[in-house]
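The residues making up each chain are set out below.
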Amino acid sequence: MGKTLFEKVWDAHVVAQDEGAPAVLYIDAHLIHEVTSPQAFAMLRERGLKVRRPDKTFATMDHAIPTRNVDIELWPSDAATQVRTLRQNCKDFGITLWDVDGPVQGIVHVVGPEMGITQPGMTIVCGDSHTSTHGAFGALAFGIGTSEVAHVLATQCLLQKKPKTMAITVDGELGKGVTAKDIILAIIAKNGAGGGAGYVFEYRGSAIRKLSMASRMTICNMSIEGGARAGMIAPDETTFEYVKGRPYAPKGEEWERAVAYWRTLVTDEDAVFDRELKLDAGELQPMVTYGTNPGQGVPITGRIPYPEELEDPAERRSLISALEYMGLKPGQPMEGQPVDIVFIGSCTNSRIEDLREAAAIVKGKKIADHVWGIVVPGSKSVKAQAEAEGLDRIFIEAGFEWRGAGCSMCLAMNEDKAGAGKYVASTSNRNFQGRQGPGARSLLMSPIMAAAAAVKGRVVDVREMLN
Amino acid sequence: MQPFTTLTSTAAPLRMENVDTDQIIPAQYLTAVTKEGMGKGLFSWIRYNPDGTPKPDFVLNKPEYQGAQILIAGRNFGSGSSREHAVWALTDYGFRCVISPGFADIFYNNSLKNGLLPIVLPEEVVNLLWDLVEEEPKTLLHIDLRSQTVTLPDGQQHSFAIDPFRKLCLLEGVDDLGYLLSKEEAIAAYEARPRWA
């Protein structure tokens, strides 16, 4: 029997497999950031251990840092302490650090691919659940806890139980105004926020093959919101084109050998998945979430379900509590829902392609008077590229704030927070209670939908603005 | 890591599904560079009013559930962020075991590395346990990891599954690191292989 893409990458990384024990899995690249690493370095120090492969470990700062251009002396003291701790740890253990004062820094899942660290067939981990992003390259990439960060630092390996596989096939043509974000929100709405627990997703089908790397990253990024630790897309010419020439990409003869190997990283025709899910791209519409988990989403032309329509009492309870928090009513259409804040950014949607698409919607227009809009590029390189293309001017002239690179309002652990009760049209990945600020109400959507919401001051069908 | 063998305790019913790690410990508590004291932030948004006073309706604020070392939660517990702080918050608060119809993968792994026993039981059993401990908060549940059972006061027993390796680690109070370090030779041999084999 043939193997799936996941099985090929998994099998190539098993260092040891004792009877009755999980596999010892080798990790090719380990990304770290300021929030989930300090306690891991402390564990190393407690046990007198070194970092085994500092050359496979890369650090940047993204979660806690302010995205306004201010000196670290003026930062909140806990964020400054985390950044200084990471600097010291990288210095002590010989790890490459892309610091806030350098040209590379950004959201770890934007910077890794940009630098060419993310390559097909690799195993990649980070103390961040959105590490699934890197699966867009045909890598097996997943988030880990801080104890596991320490394990990888010390041994470059993890003890892992082999997950199951689930094929998610999206065939057909996406309609105008329907994006990668809508594909993944539709998948999660269909399969549930916890539906992927224990699985690795493989996204396949003609609609996936046509997507850019940025779009593929958006989809893999939110695998975790569907409960799967990892999502993968088989590498192809689009992937190789993206990786080629980047700082850490193989060069010369090494490149040829790498590509020859990467071409083998496809699911064999006779391979069998544990589960399969199919979607027709042509039936998808722009999506918006109404609830407090990413599975609670509807097409823009749809409406919020009534609790009595749900058979499962747990789902019903979940819906009632979500709507109470969100201040929304059963049966209400999402179109027309007023928004107070528009956030364009996060590891899901802060790449140059996302910013170009959003800018095209707001160009020459103003955002609604009552809306506070911020655009937060995913990395310094995205920011520089956007500025070279004049996108910053478009956003600023429309009334958005144009910020520095970081996680920003995705997770409310830095200065960028949404106020209690505020509705946020957000391109990020989580609509959990309080995720974007205590009491804040997140409506997840694509960059063009968020841009359209900013202009109109309410949730609208972006397709009406595309003519 | 504190070994886990048996536990006899009251249990707190958290009748909620999809409790994500942002609910368990909001990001504002993640700015610490140590693990200590996370318990004060546990469930803080649903546990406290904005002015910091406890919400009387929240289960952990009710006098009858003080001291409970078992939490009984709805499905998809621990979804979202990989933050191990969520587990540190639960253990620092005093929990040693969480029972749920299903856990998010990363949370489940993180629990095992900190001596917090995640027990998966069928939804109908979890419903029954909720009813039981809501009706009689003094109900003592007895958990035995060796026999992989949860025993109710009336003798009713429910078995749970756990990976044998993880079970051994919990029983002995050891984490993965010692085991991984013992594989040094195999790791070095793996690293010596050509990269594009």
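Small disclaimer: the values here were computed from a predicted structure and weren't measured.

**A few points about the overall build of chain A**
Helix and strand counts for chain A come out as 15 helices and 19 strands. Relative to the compact-globule value of 23 Å for 467 residues, chain A shows a C-alpha radius of gyration of 21 Å, a close match. Principal axes of the C-alpha set define a box for chain A whose edges measure 55 × 55 × 45 Å. Buried residues in chain A amount to 67% of all 467 residues. Taking contacts inside chain A between residues at least 6 apart in sequence as the whole, the part at least 24 apart equals 75%. The averaged location of the 57 negative side-chain charges in chain A is 2 Å from the averaged location of its 51 positive side-chain charges.

**Looking at the pattern of salt bridges**
Under the defined criterion, the tally for this structure stands at 41 salt bridges over all chains. The salt bridge partner of Glu401(A) is Arg68(A), with a shortest N-O separation of 3.9 Å. Of this pair, Glu401(A) sits in strand β17 (residues 401–402) while Arg68(A) is found in the loop between β4 (57–60) and α3 (77–93), placing the two residues 333 residues apart along the sequence. As a salt-bridge pair, Glu225(A) and Arg430(A) come within 3.0 Å of each other at their nearest N and O atoms. Placement of Glu225(A) in the loop between α8 (213–221) and β11 (230–232) and of Arg430(A) in the loop between β18 (423–426) and β19 (441–444) is noted, with a sequence separation of 205 residues between them. Judged by its relative accessible area of 1%, Arg430(A) is buried. The network of salt bridges with shared partners includes Arg52(A), Arg53(A), Asp55(A), Glu184(B) and Glu191(B).

**Observations concerning unusual backbone geometry**
Residue and element names in this part refer to chain B. One non-glycine residue, Asn18, lies in positive phi territory at about 50°. Mapped onto the elements, Asn18 comes out in the loop between β2 (11–14) and α1 (21–24). Residue Gln148 is not a glycine yet carries a positive backbone phi of 55°. Examined against the element boundaries, Gln148 turns out to sit in the loop between β6 (141–144) and β7 (149–151). Judged by relative accessible area, which is 19%, Gln148 ranks as buried.

**Things to note about helix α14 (residues 391–398) of chain A**
Residues and elements named next belong to chain A. Those residues of α14 not exposed but buried are Leu391, Asp392, Ile394, Phe395 and Ala398. The arc that holds every buried residue of α14, seen down its axis, measures 160°, which confines them to one face. Elements in contact with the buried residues of α14: α12 (352–362), β16 (372–375), α13 (380–388) and β17. Gly399 sits one or two positions beyond α14 and adopts a positive phi of about 110°.

**Remarks on the interface of chain B and chain A**
Counting from both sides, the interface comprises 56 residues of chain B and, opposite them, 72 residues of chain A. Roughly 5100 Å² of surface becomes buried between chain B and chain A when both sides are summed, with 56% attributable to carbon and sulfur atoms. Among the residues chain B hides against chain A, the three largest losses belong to Val33(B), Tyr190(B) and Trp196(B). Together they make up 14% of the total. Viewed at the interface, chain A and chain B are joined by 10 salt bridges. With its nearest N and O atoms 2.7 Å apart, the salt bridge here joins Arg75(B) to Asp312(A). The tally of links from chain B across to chain A stands at 27 residue pairs in polar contact (both at pLDDT 80 or more). Put simply, the parts of the chain that give the side of chain B that touches chain A at least two residues each are α1, α2 (44–47), α3 (85–93), α4 (105–112), α5 (123–135), α6 (164–172), α7 (176–181) and α8 (184–191) of chain B. The residue inventory of the side of chain B that touches chain A, partitioned by class, reads 21 nonpolar, 15 polar and 20 charged.

Quick notes on the rules
Counting of residues starts from 1 at the beginning of each chain's written sequence and follows it residue by residue. Both sets of labels track the order of writing: A upward for chains, 1 upward for ligands. A pLDDT threshold of at least 70 governs which residues receive local features in this predicted model, and a stricter bar of 80 or more applies before side-chain atom pairs are shown or counted, although totals over entire chains, interfaces and linings include all residues. Excluding hydrogens and water, the side-chain values take into account all heavy atoms of the structure. Going along the chain from the N terminus, every DSSP run of H or I of four or more residues is numbered as a helix, and every run of E of two or more is numbered as a strand. Radius of gyration here is computed from C-alpha atoms only, and the compact-globule reference equals 2.2 Å multiplied by the residue count raised to the power 0.38. For every residue, the accessible area obtained with a 1.4 Å probe (protein chains only) is divided by the maximum for its type, and the residue is called buried under 20%, exposed over 50%, and partly exposed between those limits. A contact between two residues is defined here by any heavy atoms of the two lying within 4.5 Å. Charged residues are defined narrowly, with Lys and Arg counted positive, Asp and Glu counted negative, and His plus the chain ends left uncounted. Just so you know, the charge point we use is NZ for Lys, CZ for Arg, CG for Asp and CD for Glu. Here, a salt bridge means any Lys or Arg side-chain nitrogen found within 4 Å of an Asp or Glu carboxyl oxygen. Arc, as used here, means the arc of the directions from the helix axis to the C-beta atoms. In short, buried area is how much 1.4 Å probe accessible area vanishes from two parts on joining, totalled over both. We define a polar contact as two N or O atoms separated by no more than 3.5 Å, with the added condition that, inside protein, one atom must be a possible hydrogen donor and the other a possible acceptor, whereas residues neighbouring each other in sequence contribute only through side-chain atom pairs. Nonpolar residues are Ala, Val, Leu, Ile, Met, Phe, Trp, Tyr, Cys and Pro. Charged residues are Asp, Glu, Lys and Arg, and all others, Gly as well, are polar.

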